[in-house]
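For reference, the chains in residue letters:
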Amino acid sequence: MKLRRIVAALLIGAALGLPALSASPARAETASDIVAAADKVRNPDQPFRSTDTLTEYVSGKPKNQNVLTVYAKLDPVTRQFRNLILYVQPPRDAGKMVLLDKRAFWFYDPASKASVRISPQQRLTGQASVADVLTVNLSMDFTAALVGDETIQDSEHKDRHCAHIDMHAANALATYNRIEYWVERGTSNPIKAKFYSDSGRLLKILYYRGFRESLGRVRPLEAIIIDAVSSALVTTVDFGDQHFQDVPETWFQRDYLPHLQGQ
Amino acid sequence: MRAIRVAELAILAALAGASSANAQTGDENKDLDRIPDLAAAPVAASPPATSGGGQSLYLENAFTLNATRSGFVVAPPPPSPTPWQELLFLDARKAWRLDSRLSLTFSGRLNLREEPDIHFPGQENVRLDLREAYLSWTPVDGTFFDLGRVNLKSGVALGFNPTDFFKTRSVVEPLSADPSVQREDRLGALMVRAQRVWQGGSITIAYAPGLYRPTPIYSDLDLPSLNPVFDRTNAADRWLIKTSITVHDDFSPEFLVYHEGDRTQFGVNLTQSLGNKIVAYAEWAGGDAPSLIDDALSYGRETGTIPQAAPSVLPDDPRRSFMNRLSAGLSYTTQSMITFNLEYHYDQTGFSQADWGDWFQRGQALARYGPATAQLWYIREYAQDQGEILSQQSAFLRFDRTDAFVHNLELSGFVNVDLYDGSGLTQLSADYYLSNTFTIGVLGNASFGDRRTDFGSLPGAASILIKLARYF
């Protein structure tokens, strides 16, 4: 009898509470909405420039450091970012560039002064792919389903109440086949993501951190990427020197690449 | 009662789910154990946003050992390849911004070399390769004017670039046989270049004046020391107009018209992605031209290498006809990030199977090295000096893999096969990045084929190079 009352109370509470919650503008209604809100936290709508420092740790020790300048501009049609990525460091790579524009990807090497067309798969080679993937608007390229709410620890071991979302590639432009994604309830801050290959193999684990004011709102200015294939490899990314900057359309022409040095 | 049972089950299921989720999130938190102690990391100094762009300075030491062949069908000209070479060079690329619209670019390499067949110390030990030195003016964004020595490259293929019209005589003394690497150290031509880039395409117009008379082909032993050798790059008036047009997001063909002396050539570059892992590309050039044999022999006579009155050692035909050159291929990147490039190369001016038959038959009849065999080898040297392929048809396969087997190890290699006789050249190179500033590498190549084949008849059989580079 007592149990019946509890159940009844729960049912009534659920009946009363759920509509109230769903009517609340603060609640991220669908999985797609949650991902879209997190996209807005990660990147602004306006063209911007960022200097990303990538530090590779091998077996816990810092080994390599890459510095990349990223010029990003949102395509109004696809709502996806077009990126120009310039290698600044290490010295052996300085001046190399990757142009990632819709489906046309080019790699430019100032040593050979030649631009080579690369495939969507080949764009994932090298550190420029990290900077590229971090600007992808996930809501555009993936279908999302809510797995449930979970409390997980962020990279600083703080508990975060998150929506756990399972995402699958929705088009050929999607960089990965599947992503598991944890987005903090209330703030829409992205906390964690897991990236899988076509065969279902876990490739990378990503933690966002360093939430600070940049480009008009609080955004994650650091990321930690754990390589699930090469277990000893961890990469940290610092998004520095971020500011809004117009990126002219001509910059996305491959013949412009040799002229871009030091813009 | 039934409704209550369902509700009870729902609660139990929810509780079970919660406990399962808790178990999962517990697992999720285990990922944190793999994050290293970031406090141990060096503090990344935020570099100035414009540093590094396109500029580089490095010092490299390269030591090469060569193995030679013997028992030739056609005796090669002296000297035979040096058994070893020690090379130390400083390579620099630098640009100075003179004001907001004016800049100066320099690119060059200072070489110190030693090998058994040159005198030490002497001017042959020192060589400066002045690749580029030019002034750039940008009157408005998207419009560029360049004046000076400029390396103007065209083409989308890796192994052979029919539309790379300024490649002739531009590679001085390559350390690698990989055509895509040879592009990294070649001489530009004195020229004026204008370029306009807009949202849907670009147009480039370049004029390189003929300031010198054509000079004989240099050997490794008579390379000038500090002379910028403009005779290699400015021995004829040359014009190039090229334009690319964006037809749609994935397709931007490039069209070229090139004029040199009394010859005009046309060219096209096409690329197209096929799915996520494949890029297809094709590069074509065509125009009135003589065959390689005629071109080589007339150049030899013009430069005095071959006496004017000397009869042609191979059947020649001074008539010109429309000749095609083609490089068509695919690149494929695997899931494990190995990129393969497979290309078919065709040069109508090059040696046909009949030409090869004549070359060996004539050479065998001459038996010993003399003026006639020198002519035979001169044709091959000329093709190499011009950056052209020798046989009409060949195939090229290249691979490249970063982080191969171990982190920071880059492997690349290629095989180039003459489709008439199956002979070829193969090369494998490995670069290991010891740190952000030091790279160590090894490169080995070998030619294969029997004595009566394109590559099997070459004096050089194999070589191995060990290098250490320090970047600044």
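Computed from a predicted structure; not experimentally measured.

Visitor: Just to check I follow, could you spell out the nonpolar core for this structure?
Guide: Note that soluble globular proteins tend to have their nonpolar side chains buried in a common cluster. Counting residues in each nonpolar core, the largest one holds 40 residues, and the members touching the most others are Leu138(A), Ile165(A), Met167(A), Ile179(A), Tyr181(A), Leu206(A) and Val237(A). A per-element tally of this core places helix H2 (residues 31-42) of chain A first, with four residues. Setting aside chain neighbours within four positions, we find Met167(A) in contact with Val35(A), Leu138(A), Phe142(A), Thr143(A), Ala144(A), Asn177(A), Arg178(A), Ile179(A) and Tyr181(A). Core analysis: the next-biggest nonpolar cluster, separate from the first, contains 23 residues, Val73(B), Ile217(B), Leu297(B) and Leu376(B) among them.

Visitor: What should I look at first to understand the environment of Arg319(B) in this one?
Guide: By the secondary structure assignment, Arg319(B) is in the loop between helix H4 (292-302) and strand E12 (321-333). Along the primary structure Arg319(B) and Tyr420(B) are separated by 101 residues, whereas in three dimensions their C-alpha atoms are 25 Å apart.

Visitor: When you look at the pairing of strand E10 (residues 263-274) of chain B in this model, what are you seeing that I'm missing?
Guide: Residues and elements named next belong to chain B. Pairing of strand E9 (residues 254-260) with E10, which is carried by seven bridges, proceeds in the antiparallel orientation. The residue bridging Phe-255 from the neighbouring strand is Val-268, located in E10. Between the antiparallel neighbours E9 and E10 lie two residues, among them Gly-261 with a positive phi of about 60 degrees. Across ten bridges, E10 lies against strand E11 (residues 278-289) in antiparallel orientation. Its bridge partner being in E11, Gln-265 is matched across the sheet by Gly-287. Hairpin connection, E10 to E11: the antiparallel pair is bridged by three residues, and Gly-275 has positive phi, about 75 degrees.

Visitor: Would you explain a nonpolar patch on the surface in this entry?
Guide: Together, Leu57(B), Leu59(B), Leu88(B), Leu90(B), Leu110(B), Leu112(B), Leu226(B) and Phe472(B) line one region of the surface with nonpolar side chains, adding up to about 660 Å² of accessible area. For the nonpolar patch, the secondary-structure elements that each account for two or more residues are strand E1 (56-68), strand E2 (84-99) and strand E3 (102-114) of chain B.

Visitor: Would you mind going over the interface of chain B and chain A with me for this structure?
Guide: The parts lose accessible area when they come together, and the size of an interface is often stated as this lost area. At the interface, 80 residues of chain B touch 83 residues of chain A. Summed over both sides, the interface between chain B and chain A buries roughly 6,800 Å², with carbon and sulfur atoms accounting for 54% of that surface. The largest contributions to the chain B side of the interface with chain A come from Arg34(B), Asn276(B) and Asn436(B), which together make up 10% of the buried area. Applying the counting criterion to the chain B and chain A interface returns four salt bridges. The residue Asp31(B) makes a salt bridge to Lys194(A) at a minimum N-O spacing of 3.4 Å. Here chain B is connected to chain A by 21 residue pairs in polar contact (both at pLDDT 80 or more). The leading source of residues in the side of chain B that touches chain A is helix H1 (residues 2-30) of chain B, at nine residues. Of the residues contributing to the side of chain B that touches chain A, the split by class is 28 nonpolar, 37 polar and 15 charged.

Visitor: Could you clarify how one ought to interpret the packing of H4(B) against helix H6 (residues 371-386) of chain B in this entry?
Guide: Describing two packed helices takes the angle between their axes plus the distance from one axis to the other. Residue and element names in this part refer to chain B. As a packed pair, H4 and H6 sit with axes 9 Å apart at the nearest point and diverge in direction by 100 degrees. Of the possible angle classes, the one that applies to H4 and H6 is roughly perpendicular. Residue-level inspection shows Leu-292, Ile-293, Asp-295, Ala-296, Leu-297, Tyr-299 and Gly-300 of H4 in contact with H6, the latter providing Gln-375, Tyr-378, Ile-379, Tyr-382 and Ala-383. Here the contact of H4 with H6 is composed, by residue class, of nine nonpolar, two polar and one charged.

Visitor: What am I meant to see in the packing of aromatic side chains here?
Guide: Geometrically, a pair of aromatic rings is defined through the distance of the ring centres and the angle of the planes. The tally for this structure, following the rule as stated, stands at 20 aromatic pairs over all chains. Both rings, one in Trp356(B) and one in Phe360(B), keep their centres 5.9 Å apart while their planes meet at 25 degrees; by these two values the pair is stacked. Of the two residues, Trp356(B) and Phe360(B) are both situated in helix H5 (residues 353-366); the distance of four residues between them amounts to about one turn of the helix. For Phe360(B), a relative accessible area of 3% gives the class buried. Every member of this aromatic cluster is reached through a ring pair, and the members are Phe351(B), Trp356(B), Trp359(B), Phe360(B) and Trp377(B). Above the plane of the ring of Phe252(A) lies Arg82(A), whose end atom (NZ or CZ) is 4.3 Å from the centre.

Visitor: When you look at the pattern of salt bridges in this model, what are you seeing that I'm missing?
Guide: Any two side chains of opposite charge can pair, so long as their charged atoms come close to each other. All names here are of chain B. In the structure shown here, the tally under the stated rule is 39 salt bridges over all chains. Note that Arg-186 is salt-bridged to Asp-164, the shortest N-O span being 2.6 Å. Here Arg-186, found in the loop between helix H2 (179-182) and strand E6 (189-198), pairs with Asp-164, found in the loop between strand E5 (143-150) and H2; they are 22 residues apart in sequence, far enough to count as distant. Exposure remark for Asp-164: the relative accessible area of 2% places this residue in the buried category.

Visitor: Sorry, what's going on with the confidence of the model for chain A here?
Guide: Close reading of the predicted structure is inappropriate where its pLDDT is low. Residues and elements named next belong to chain A. Chain-level statistics for chain A give a pLDDT mean of 85 and a share of 87% at 70 or above. At the low end of the mean pLDDT range in chain A sits helix H1 (residues 2-23), at 42; at the high end sits strand E9 (residues 178-184), at 96. Taken together, the stretch residues 6-26 has pLDDT below 50 and engages in nine contacts with residues farther than four places along the chain or on a different chain.

Visitor: For this particular structure, what's the right way to read the side chain of Gln265(B)?
Guide: Residues and elements named next belong to chain B. Its place among the elements puts Gln-265 in strand E10. Classification of Gln-265 as buried rests on a relative accessible area of 15%. If we skip the residues at most four places from it in the chain, Gln-265 touches Phe-165, Leu-256, Val-257, Tyr-258, Ala-285, Gly-286, Gly-287 and Arg-325.

Visitor: I would appreciate a short explanation of the packing of H5(B) against H6(B) in the present structure.
Guide: Residue and element names in this part refer to chain B. The geometry of H5 relative to H6 is characterised by a closest axis approach of 9 Å and an angle of 150 degrees between their N-to-C directions. Looking at the two axes, H5 sits roughly antiparallel to H6. By crossing handedness, the relation of H5 to H6 is classed as left-handed. Along the contact surface, H5 presents Trp-356, Trp-359, Arg-362, Gly-363 and Leu-366, while H6 presents Ala-372, Thr-373, Leu-376, Trp-377 and Arg-380. Each residue belonging to the contact of H5 with H6 can be placed in one class, and the counts come to six nonpolar, two polar and two charged.

Visitor: Whenever I open this one, the pairing of strand E17 (residues 438-448) of chain B confuses me. Can you help?
Guide: Side-chain direction in a regular strand flips from residue to residue, so the side chains alternate between the two faces of the sheet. Residue and element names in this part refer to chain B. Residues of E17 alternate between two faces, with Thr-439, Gly-441, Leu-443, Asn-445 and Ser-447 buried on one and Phe-438, Ile-440, Val-442, Gly-444, Ala-446 and Phe-448 left unburied on the opposite face. Where strand E16 (residues 424-433) meets E17, ten bridges bridge the pair, whose relative direction is antiparallel. Paired with Tyr-433 across the strands is Thr-439, a residue of E17.

Visitor: What am I meant to see in H6(B) here?
Guide: An α-helical turn contains 3.6 residues, so any two residues separated by three or four positions project in the same direction. Residue and element names in this part refer to chain B. Taking 1.5 Å per residue as the helical rise, H6 with its 16 residues ought to reach 22 Å, and the 22 Å between its terminal C-alpha atoms agrees with that figure. Among the residues making up H6, those that are buried are Thr-373, Gln-375, Leu-376, Trp-377, Tyr-378, Ile-379, Arg-380, Tyr-382, Ala-383, Asp-385 and Gln-386. Count one or two residues on from H6 and you reach Gly-387, which has phi positive near 75 degrees.

Visitor: Help me out: how do you make sense of unusual backbone geometry in this one?
Guide: Leaving glycine aside, a negative phi is the common case for residues, and trans is the common case for peptide bonds. The amide bond that connects Gln89(A) to the next residue, Pro90(A), takes the cis arrangement and shows omega of 5 degrees. The omega torsion of the bond from Pro78(B) to Pro79(B) falls at -5 degrees, within 30 degrees of zero and hence cis. Relative to the helices and strands, Pro79(B) is located in the loop between E1 and E2. Phi is positive for Arg169(B), close to 60 degrees, though the residue is something other than glycine. In this fold, Arg169(B) is placed in the loop between E5 and H2. By relative accessible area, which is 4% here, Arg169(B) ends up buried. One non-glycine residue, Met337(B), lies in positive phi territory at about 65 degrees. By the secondary structure assignment, Met337(B) is in the loop between E12 and strand E13 (338-347). Met337(B) gets classed as buried once you look at its relative accessible area, which sits at 18%.

Parameters and conventions
- Residues numbered from 1 in each chain as written.
- Chains lettered and ligands numbered in written order.
- Predicted model: local features only at pLDDT ≥ 70, side-chain atom pairs only at ≥ 80, totals over all residues.
- Heavy atoms only, no water.
- Core = buried A, V, L, I, M, F, W, Y, C linked by side-chain atoms within 4.5 Å.
- Buried < 20%, exposed > 50% of the residue type's maximum accessible area, 1.4 Å probe, protein only.
- Helix = DSSP H or I, 4+ residues; strand = E, 2+ residues; numbered from the N terminus.
- Contact = heavy atoms within 4.5 Å.
- Pairing = 2+ DSSP bridges.
- Patch = residues over 30% accessible without salt bridge, like charges linked within 9 Å, V, L, I, M, F, W, Y side chains within 5 Å.
- Areas by Shrake-Rupley, 256 points an atom, 1.4 Å probe, with all protein chains shown as cover.
- Salt bridge = Lys/Arg side-chain N within 4 Å of Asp/Glu carboxyl O.
- Buried area = accessible area lost by both parts, 1.4 Å probe.
- Polar contact = N/O pair within 3.5 Å; in protein donor to acceptor, adjacent residues only side chain to side chain.
- Nonpolar A, V, L, I, M, F, W, Y, C, P; charged D, E, K, R; others polar.
- Axes fitted to C-alpha atoms, helices over the stretch in contact; angles between N-to-C directions.
- Parallel < 35°, antiparallel > 145°, perpendicular 65-115°, else oblique.
- Phe/Tyr/Trp six-rings, centres within 6.5 Å; stacked < 30°, edge-to-face > 60°.
- Lys NZ or Arg CZ within 6 Å of the ring centre and 35° of its normal.
- pLDDT = per-residue confidence, 0-100.
- Left-handed = near helix turned anticlockwise from the far one by under 90°.
- Expected span 1.5 Å × (residues − 1).

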